Amino acid sequence: MAGILYFLARSFPQAALLPQDVEAQAQAVSWMSFIASAVHPARRLGVEAASKIYGIADRKLGKRKWAIGQYSIADIHLFRLYWRFANSVKPAPGSFPHLSAHYDRMMMRPAVKRTCEIEAAIGYELPN
């Protein structure tokens, strides 16, 4: 998923999914690497281990609105995995306050709403 998001961001610079600033790009790549190497495979380790990794992601995100300070491909990647985790595991409220706030911000984005509506219409369901 990280490669696809990077390709899309580079192919459509007008969408501003990858900042022009080299330092901010490095931060986005760092987030994408963390998500791909730790967060994505976490569910295979079981709910307890996955919860620990999502705890790390929650602390890493902190109170920032977006992963690198501005909306980017890192937010899309983080949201997609947390969305799957939160909707299948249903962690206790307050377990991941920063990821939950990020989730809520993402769900307010029109493109995210449309995507969720399309997936619901075709019967997409999360695996158990």
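Residues numbered from 1 in each chain as written. Predicted model: local features only at pLDDT ≥ 70, side-chain atom pairs only at ≥ 80, totals over all residues. Heavy atoms only, no water.

Notes on the layout of surface pockets
Once rolled over the atoms, a probe with the size of a water molecule shows which space is left empty.
Point 1. One number sums up the size of the largest pocket: a volume of about 280 Å³.
Point 2. Forming the boundary of the largest pocket are 13 residues, of which Ile 76, Phe 79, Ala 111, Val 112 and Thr 115 lie nearest the centre.
Point 3. Contributing elements (two or more residues each) for the lining of the largest pocket: α4 (73–89) and α6 (110–121).
Point 4. Per-class residue counts for the lining of the largest pocket are 9 nonpolar, 1 polar and 3 charged. (1 Å grid on protein atoms, 1.4 Å probe; cavity = no way out; pocket = protein on both sides within 12 Å on 5 of 7 lines; lining within 4 Å. Points joined across faces, edges and corners; volume = space filled by probe spheres on them. Helix = DSSP H or I, 4+ residues; strand = E, 2+ residues; numbered from the N terminus. Nonpolar A, V, L, I, M, F, W, Y, C, P; charged D, E, K, R; others polar.)

Things to note about the pattern of salt bridges
Point 1. According to the stated counting rule, one finds 1 salt bridge in the structure shown.
Point 2. With a shortest N-O distance of 3.1 Å, Glu 119 and Arg 80 are connected by a salt bridge. Of the two residues, Glu 119 sits in helix α6 while Arg 80 sits in helix α4, which places them 39 residues apart along the sequence.
Point 3. Assessed through its relative accessible area of 14%, Glu 119 is described here as buried. (Salt bridge = Lys/Arg side-chain N within 4 Å of Asp/Glu carboxyl O. Buried < 20%, exposed > 50% of the residue type's maximum accessible area, 1.4 Å probe, protein only.)

Here's the deal with the nonpolar core
For soluble globular proteins, the rule of thumb is that nonpolar side chains tend to be buried together.
Point 1. By size, the foremost hydrophobic cluster in this structure holds 37 residues, and its most contacted members are Trp 31, Val 39, Tyr 54, Tyr 82 and Leu 99.
Point 2. Sorting the residues of this core by element identifies α1 (2–11), α2 (22–39), α3 (47–61), α4, α5 (97–107) and α6 as the ones contributing at least two each.
Point 3. Beyond its immediate chain neighbours, meaning those up to four positions away, Trp 31 contacts Ala 57, Lys 60, Leu 61, Arg 64, Ala 67, Ile 68, Ala 74 and Leu 78. (Core = buried A, V, L, I, M, F, W, Y, C linked by side-chain atoms within 4.5 Å. Contact = heavy atoms within 4.5 Å.)

Considering the packing of aromatic side chains
Point 1. The tally for this structure, following the rule as stated, stands at 10 aromatic pairs.
Point 2. When the ring of Tyr 54 is compared with that of Tyr 82, the centres are 5.8 Å apart and the planes differ by 55 degrees; the resulting orientation is tilted. One end of the pair, Tyr 54, is in helix α3; the other, Tyr 82, is in helix α4, and 28 residues separate them in sequence. Pair check on accessibility: Tyr 54 and Tyr 82 agree, each one buried.
Point 3. Its guanidinium or amino end placed over the ring of Trp 31, Lys 60 lies 4.7 Å from that ring's centre, counting from NZ or CZ. (Phe/Tyr/Trp six-rings, centres within 6.5 Å; stacked < 30°, edge-to-face > 60°. Lys NZ or Arg CZ within 6 Å of the ring centre and 35° of its normal.)

Describing α1
Point 1. Three or more residues of α1 are buried, namely Ala 2, Leu 5 and Ala 9. One face of α1 carries all of its buried residues, which in axial projection span an arc of 65 degrees. Exposed residues pointing more than 90 degrees away from the buried face of α1 are listed as Gly 3, Ile 4 and Phe 7.
Point 2. Buried residues belonging to α1 abut α2 and α4. (Arc of directions from axis to C-beta.)

So yeah, pure geometry; function would need other evidence.
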